[in-house]
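# Summary of the model geometry
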Amino acid sequence: MGLFSNILNSLGFGSKARAAEAPTSAPPPTPTPAGPTPTASTTTGGGPVDVVGKLEDLAARHPEKLNWKTSIVDLLKLLDLDSSLQARKELAGELGCPPEKMGDSAQMNTWLHKAVLQKLAENGGNVPPELLH
């Protein structure tokens, strides 16, 4: 299971994590005459996940004051996931971080934080626009 799937599971996305594990380089499936191709939102049967609500609830109960809105390290800590540089590099690779950002941990972390929130939104998470820019 990929690291991003762990993030999805930690936030209660459930089976949406399987949709996120699909290879991004594969061509999209061709719809069959029987109907449209199912998407993550149609296969899970649930509404959007309140990402901010869940993270704020976790932050309120966490012993450390974590700035998850801007820090990928704090976001991972809040979800009780490995926030080490190696884990962040693996996650960045999984999400397609540009190679020029991988060599600079600050640039990678900034890119990674935005990419994680964007992917959460793409998987049915309710993420406010101000957190996606």
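Scroll up to find the structure this text is about.
What this report covers is the structure whose coordinates are included nearby. All figures in this text were calculated on a predicted structure; none of them were measured in a lab.

About the cut-offs
- Residues numbered from 1 in each chain as written.
- Predicted model: local features only at pLDDT ≥ 70, side-chain atom pairs only at ≥ 80, totals over all residues.
- Heavy atoms only, no water.
- Helix = DSSP H or I, 4+ residues; strand = E, 2+ residues; numbered from the N terminus.
- Buried < 20%, exposed > 50% of the residue type's maximum accessible area, 1.4 Å probe, protein only.
- Contact = heavy atoms within 4.5 Å.
- Expected span 1.5 Å × (residues − 1).
- Polar contact = N/O pair within 3.5 Å; in protein donor to acceptor, adjacent residues only side chain to side chain.
- Core = buried A, V, L, I, M, F, W, Y, C linked by side-chain atoms within 4.5 Å.
- Axes fitted to C-alpha atoms, helices over the stretch in contact; angles between N-to-C directions.
- Parallel < 35°, antiparallel > 145°, perpendicular 65-115°, else oblique.
- Nonpolar A, V, L, I, M, F, W, Y, C, P; charged D, E, K, R; others polar.

Secondary structure assignment for the protein yields 8 helices and 0 strands. From first element to last, N terminus to C terminus, the protein shows the α and β order α-α-α-α-α-α-α-α. By residue count, 32% of the 133 residues in the protein fall in the buried class. Taking as baseline every contact in the protein between residues at least 6 positions apart, the subset at least 24 positions apart corresponds to 50%.

Here the focus is helix H8 (residues 105-122). Relative to the 26 Å expected for 18 residues at 1.5 Å per residue, H8 spans 25 Å between its end C-alpha atoms, a close match to the ideal helical length. The backbone nitrogen of Ala106 lies 3.0 Å from a side-chain oxygen of the residue at the head of H8, namely Asp104. The positive-phi residue at the C-terminal boundary of H8 is Gly124, with phi of around 100 degrees.

A word on the side chain of Asn109. With respect to the helices and strands, the residue Asn109 is situated in helix H8. A distance of 2.8 Å separates the side chain of Asn109 from the side chain of Arg88, its partner in a polar contact. Apart from residues lying up to four places away in sequence, Asn109 is in contact with Ile72 and Arg88.

Here we take up the nonpolar core. In this structure, Ile7, Val116 and Leu120 are the most contacted members of the largest nonpolar core, which totals 28 residues. Within the residue set of this core, elements represented by two or more residues are helix H1 (3-10), helix H4 (51-61), helix H5 (72-78), helix H6 (85-95) and H8. Ranked by residues supplied to this core, first place goes to H8 with 6 residues. Setting aside residues no more than four positions away along its own chain, Val116 makes contact with Phe4, Ile7, Ile72, Leu75, Leu91 and Leu95.

Glancing now at the packing of H1 against H6. The contact between H1 and H6 brings their axes to 8 Å, and the two run at 95 degrees. What the angle tells us is that H1 and H6 run roughly perpendicular. Note on element contacts: H6 touches H1 through Ala87, Glu90, Leu91, Glu94 and Leu95, opposite Leu3, Phe4, Ser5 and Ile7. Classifying every residue of the contact of H1 with H6 gives 6 nonpolar, 1 polar and 2 charged.

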